[in-house]
Amino acid sequence: MRDAALTRPVRRGLTAAAVLAVLALLGFAAINAIRPPSAVPTSAPASAFSASRAFSHVRVIAARPHPVGSPANDEVRAYLVDTLRGFGLGPQVQDTVSAQGGELSASAGGVGLAHVRNVITVIPGSASTGRIFLVAHYDSAQTGPGGNDDAAGVAAILETARALTSGGKLRNDVVLVLTDAEEACLCGAQAFVTQSPLAKDGGVVLNLEARGSSGPAIMFETSDRNGRLVEAYSHAPDPVGTSFAVEIYRLLPNDTDFSAFRAAAFTGLNSAYIDGAAVYHAPADTPESMDQDSLQHHGGNALAVTRELGGRDLSALRGGGDATYFPVPGLLVRYPGALVRPLAVIALLAVALLALLARRRGRLRLRRLAVAGATALIPIVAGAAFAQGLWALLTIVRPEYAALPIDPYRPLWYRLAVIALAALAVLLWYALLRRRLGPVTMATAGLGWLAVLGAVLSAVTPGGAYLATLPALAGALTGLLALHLRGPVAAVAITLGSAVAVVILVPTVWMLFPALGMKLAAAGAFLTVLLGFATLPVIDLIHPSAEPVQGLGAARARRRGVFPSLVAALTALACTIAGLAVDRSDAAHPSLTHLMYALDADTNTARWLSAEASTQEWTSQYVSGGPVAVGDTLPAFGDEKLRVGPAQAAALPAPVITVVSDHVTPEGRELKLLLTPQRTVRFVTLHVAATSTVSRAVVGGQSVPADRSAGHGWGFGFVFHAPPTTGVEITLVVDGSAPVEFRTMDASDDVTAMPGFQARPPGVGVLGSHSSEMVAVAKTYTL
């Protein structure tokens, strides 16, 4: 088949340069549209959100780690109460015990509970039709001060409250809910939705989170039937969110405080900035690590959406089904979910019509189209394989990367390398088959893949179907135009089709990298391959001819055809080298290590434990060998496997079980116990041997499910965070009269004080994990 696309090489080169310039500008504009706005200074009007004003709260809240129950947590709570009173509000502290809800993710060790102290206050509306709840958690992980997670969300709410109270009243009530124990078990949010009178009628929730230190504040989760809610969110000054993100998040095993509200049938939105995730839960999550532009984005959108919802009839907000939405420069595109499947069908028909017309014009043969379609799977698989291969190579060169929670500290060059590798996969496929199959055939096959994927997504994950459907539809319609046109006018047509793909897919790729991290770089590579499919007509414009021309033999012409692939490969290599040069461990960006200490009080033996995927040099002095299950002696860890090593036993007291009463009732044997830690701890656990069946359980005054098992020979169990010094009251009803075996454990966060611990050298830090630096003491009781 003649390469009909090649005519008048000089004009072709100028046309290609112009098209590339236009698409590059669109790509930069699309990325710029999702960048956070600049931080607003303290001199801003009182009615405006100022990140600089909010940041003054961040400095106080994140002065040091403040997990639930800690003295530092008490200090933060007192600051929040005083600050809200300064705004003329009347904050109350909800002081209660709460257990995880049944729909929330449970601790590996059983039911999670906590003694929580939520800070709650109301900004009354003038004629309220419902309540708007602004939610963020003020506790931090025990390993870091929580400068971003979630001092950012709390500070944004405080600054929003200041702005709202400085002007006239909104129509609707605004309730500020600053929760406790989110990091431990989401128990603060659960306490509010199940125990607070303010929650009984439901309402609209805006939850503010952070899982990094920079990047746009992305609205990544919604309640169901979100059409009207998304419309309200579109009034934010800088709305960044995609229905695709909602679909992705639903597949991940993650929870935030929003989970408790969603399970209680509240409607609402969940937002977070997520780039710079190497500091997540780590000591490096300090106020200084925060990009204040991200704080501005977070709070500016929250204030604007609160004002928008504050003037609406909230009783009519939920309805209209789910919406499809995504950002483009200047606005948030949205359309009803009811259009997803019709658009997918139209895209399929448009691609089919393009193939039919191209065949009639002699530009395509069906057999070759089938070959192109079948082989298009090659760049899809190769792009993903290249991306994961790059990460595997990086973890060999830099073993400390394996311990990172999501991303390296400075991942930009690695992300660009993944994009270049995905482009390499597409360009190699195109170079190898273009001469044999023809450019029109290959472009049609690429659009066919997009259309089919869009149809599949419309049935499986409707919110993500637009990523394939709209580029396929735009490419097919402009392809039909291009078949009837020639020269620069045809180039304009294919540019329009490719522009749609660039505007939709480029920002999605850019947001997906920090969302899933380099560990799942294949996802970004996959979307990049789809972008390549959608822009094959443009790729053909820049692709050197593989046909013999005057003065150029066939072999040499074919070699010229792989030139773009060579450029992509060299770009990937250069970006990888640049990434390795830029992202080096130092005191400010340490390699992250995980270490725990566990003492078995029954045998007075101790072990070092580590959850590292591959043992790092510093950790290897404590643990060795492969991961092993520890749930038999430490049931709070469930099925988790850890690396172990011998340790010197420390003189640490174990928690004590006191029998308050033990008698038989019509339900069975009722045991009333008091579980009391003998040292200052973050949490305490109790597990019952699986040989005994617990039919009813009350812990700290809260009824909890009795049918959850920790495995490894243990049945019912719980983890109680921030236990009172007087002990945790427990009532258990057990079947039968046989002796009952209990395993207790408590945990503090002072591994550095254990005998044999060697201080970490500069450049070696602590992994942000809920078990990092833990000291556990366990003991068995039989009653």
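Given the structure is predicted, the values throughout are model-derived calculations rather than measurements.

Draft legend 1. Quick peek at the overall build of the protein. Counting its secondary structure elements, the protein contains 21 helices and 24 strands. A compact globule built from 783 residues would reach a C-alpha radius of gyration of about 28 Å, and the protein, at 29 Å, matches this within 12%. Projected onto its principal axes, the C-alpha coordinates of the protein cover approximately 95 × 65 × 55 Å. Per-residue burial for the protein yields a buried fraction of 59% across its 783 residues. Look at the contacts in the protein between residues 6 or more apart in sequence, and 80% of them connect residues 24 or more apart. Carbon together with sulfur atoms contributes 60% to the accessible area of the protein, which is approximately 29,700 Å² in total. Averaging the locations of the 58 positively and 55 negatively charged side chains of the protein gives two centres separated by 17 Å.

Draft legend 2. A look at helix α21 (residues 563–582). Helix length check: α21, at 20 residues, gives a terminal C-alpha distance of 28 Å against a target of 28 Å (1.5 Å per residue), a fit within 8%. All of the buried residues in α21 are Pro564, Ser565, Ala568, Ala572, Cys575, Thr576, Gly579 and Leu580. One side of α21 carries all its buried residues, which in axial view fall inside an arc of 150°. Pointing more than 90 degrees away from the buried face of α21 are the exposed residues Phe563 and Leu570.

Draft legend 3. Representation of the sheet that holds strand β15 (residues 656–665). Read across the sheet, five strands follow the order β15-β16-β21-β18-β19 without closing on themselves; strand pairing throughout is antiparallel. One side of each edge strand has no neighbouring strand; the edge strands of this open sheet are β15 and β19 (702–704). In this sheet, adjacent strand axes meet at a mean angle of 20° when their direction is disregarded. Relative to β19, strand β18 (residues 694–699) runs antiparallel, the two being bridged by three bridges. Within β19, the position partnered with Val698 by the bridge is Ser703.

Draft legend 4. Structural context of the packing of helix α14 (residues 412–437) against helix α18 (residues 521–534). Packing of α14 against α18 brings their axes to within 8 Å, and their N-to-C directions diverge by 45°. With respect to each other, α14 and α18 are oriented oblique. Crossing of α14 against α18: the hand is right-handed. Counting all contacts with α14, which are made through Val418, Ile419, Ala422, Ala423, Val426 and Trp429, the residues of α18 involved are Ala521, Ala525, Thr528, Val529, Gly532 and Phe533.

Draft legend 5. Representation of the state of the cysteines. Throughout the structure, instances matching the rule amount to one disulfide. Paired through a disulfide, Cys185 and Cys187 show a sulfur-sulfur distance of 2.0 Å. Between Cys185 and Cys187, the S-S dihedral sits near -130°, and the bridge is therefore left-handed. For the pair Cys185 and Cys187, one class covers both residues: buried.

Draft legend 6. Just the environment of Leu675, in detail. As for its position among the elements, Leu675 is in strand β16 (residues 668–676). Sequence-wise, Leu675 and Val659 are 16 residues apart; in three dimensions their C-alpha atoms are separated by 9.0 Å. Setting aside its immediate chain neighbours within four residues, Leu675 contacts Pro655, Val656, Ile657, Val684, Thr685, Leu686, Phe718, Gly727, Val728, Ile730 and Thr744.

Draft legend 7. Region of interest: the packing of aromatic side chains. What the rule picks out here adds up to 15 aromatic pairs. Look at Phe192 and Phe261: their rings are 5.9 Å apart centre to centre, the planes differ by 40°, and that puts the pair in the tilted class. Taken together, the residues Phe192 in helix α6 (residues 187–195) and Phe261 in helix α9 (residues 257–263) connect sequence positions 69 residues apart. On the accessibility criterion, Phe192 (0% relative accessible area) is buried. When its relative accessible area of 0% is taken as the criterion, Phe261 is described as buried. With 4.6 Å between their ring centres and 10° between their planes, Phe326 and Tyr466 make a pair best called stacked.

Draft legend 8. Looking closely at α14. The end-to-end C-alpha distance of α14 is 36 Å, a good match for the 38 Å that 26 residues give at a rise of 1.5 Å each. Where α14 bends most, at Ala431, the angle is about 30°. Just past α14, the residue Gly438 takes up positive phi, approximately 100°.

Draft legend 9. Fine view of the packing of helix α4 (residues 151–165) against helix α10 (residues 292–310). Relative to each other, α4 and α10 sit at 45°, their axes nearing to 9 Å. By the angle class used here, α4 and α10 are oblique. As α4 packs across α10, the resulting crossing turns out to be right-handed. Touching Ala152, Ala156, Thr160, Ala163 and Leu164 of α4 are Leu295, Gly299, Ala302, Leu303, Thr306 and Arg307, all from α10. For the contact of α4 with α10, the per-class residue count stands at seven nonpolar, three polar and one charged.

Draft legend 10. Main features of a nonpolar patch on the surface. A grouping of Phe563, Leu566, Val567, Leu570, Leu573 and Ile577 is seen on the molecular surface, where their side chains present a nonpolar patch of about 580 Å² in accessible area. A relative accessible area of 38% places Val567 in the partly exposed class.

Draft legend 11. View of the pattern of salt bridges. As enumerated under the stated definition, the model contains 21 salt bridges in all. A salt bridge links Arg262 to Glu221; its shortest N-O distance comes to 2.2 Å. Taken together, the residues span a long stretch of sequence, with Arg262 in helix α9 and Glu221 in strand β6 (residues 218–222) at a distance of 41 residues.

Draft legend 12. Layout of the confidence of the model for the protein. Residues of the protein with pLDDT of at least 70 account for 95%, and the chain-wide mean is 93. Counting interchain partners and residues more than four positions distant, the pLDDT-below-50 stretch residues 1–10 has 19 contacts. Counted against residues more than four places away or in other chains, residues 102–106, with its pLDDT under 50, gives eleven contacts.

Draft legend 13. Region of the structure containing unusual backbone geometry. A cis amide bond links Asp149 with the next residue in sequence, Asp150, at an omega value of 5°. Within the element layout of this structure, Asp150 appears in the loop between β3 (131–137) and α4. You will see that Leu186, though not glycine, has its phi angle at about 60°, which is positive. Tracing the chain through its elements places Leu186 in the loop between α5 (182–185) and α6. According to the relative accessible area criterion, Leu186 is buried, its value standing at 6%. Residue Ala722 is not a glycine yet carries a positive backbone phi of 55°. Checked against the element boundaries, Ala722 lands in the loop between β20 (714–721) and β21 (728–734).

Draft legend 14. Geometry of the side chain of Glu773. Relative to the helices and strands, Glu773 resides in the loop between β23 (764–766) and β24 (775–782). In this structure Glu773 touches Leu595, Ser748, Asp749, Asp750, Val751, Thr752, Arg760 and Val766, once residues within four positions along its chain are discounted.

Draft legend 15. Quick look at the side chain of Thr121. Within the element layout of this structure, Thr121 appears in strand β2 (residues 111–123). What Thr121 contacts, discounting residues up to four positions off in sequence, is Leu84, Leu89, Gly90, Pro91, Val174, Val175 and Leu176.

Draft legend 16. The pairing of strand β7 (residues 267–273), seen in detail. Buried residues dominate β7, accounting for seven of its seven residues. Burial of β7 is two-sided: the residues Thr267, Leu269, Ser271 and Tyr273 facing one way and the residues Gly268, Asn270 and Ala272 facing the other way are all buried. Looking at chain direction, strand β5 (residues 204–210) and β7 are connected through seven bridges and run parallel. What sits directly across from Glu209, in β7, is Ala272. For β6 and β7, the ladder comprises four bridges, and the chain directions are antiparallel. If you follow Met219 over to β7, its bridge partner there is Ser271.

Reading the values: the criteria
- Residues numbered from 1 in each chain as written.
- Predicted model: local features only at pLDDT ≥ 70, side-chain atom pairs only at ≥ 80, totals over all residues.
- Heavy atoms only, no water.
- Helix = DSSP H or I, 4+ residues; strand = E, 2+ residues; numbered from the N terminus.
- Rg over C-alpha atoms; globule rule 2.2 N^0.38 Å.
- Buried < 20%, exposed > 50% of the residue type's maximum accessible area, 1.4 Å probe, protein only.
- Contact = heavy atoms within 4.5 Å.
- Areas by Shrake-Rupley, 256 points an atom, 1.4 Å probe, with all protein chains shown as cover.
- Lys, Arg positive; Asp, Glu negative; His and termini not counted.
- Charge placed at Lys NZ, Arg CZ, Asp CG, Glu CD.
- Expected span 1.5 Å × (residues − 1).
- Arc of directions from axis to C-beta.
- Pairing = 2+ DSSP bridges.
- Axes fitted to C-alpha atoms, helices over the stretch in contact; angles between N-to-C directions.
- Parallel < 35°, antiparallel > 145°, perpendicular 65-115°, else oblique.
- Left-handed = near helix turned anticlockwise from the far one by under 90°.
- Disulfide = S-S within 2.5 Å.
- Phe/Tyr/Trp six-rings, centres within 6.5 Å; stacked < 30°, edge-to-face > 60°.
- Bend = angle between axes of the 7 residues up to and from the residue.
- Nonpolar A, V, L, I, M, F, W, Y, C, P; charged D, E, K, R; others polar.
- Patch = residues over 30% accessible without salt bridge, like charges linked within 9 Å, V, L, I, M, F, W, Y side chains within 5 Å.
- Salt bridge = Lys/Arg side-chain N within 4 Å of Asp/Glu carboxyl O.
- pLDDT = per-residue confidence, 0-100.

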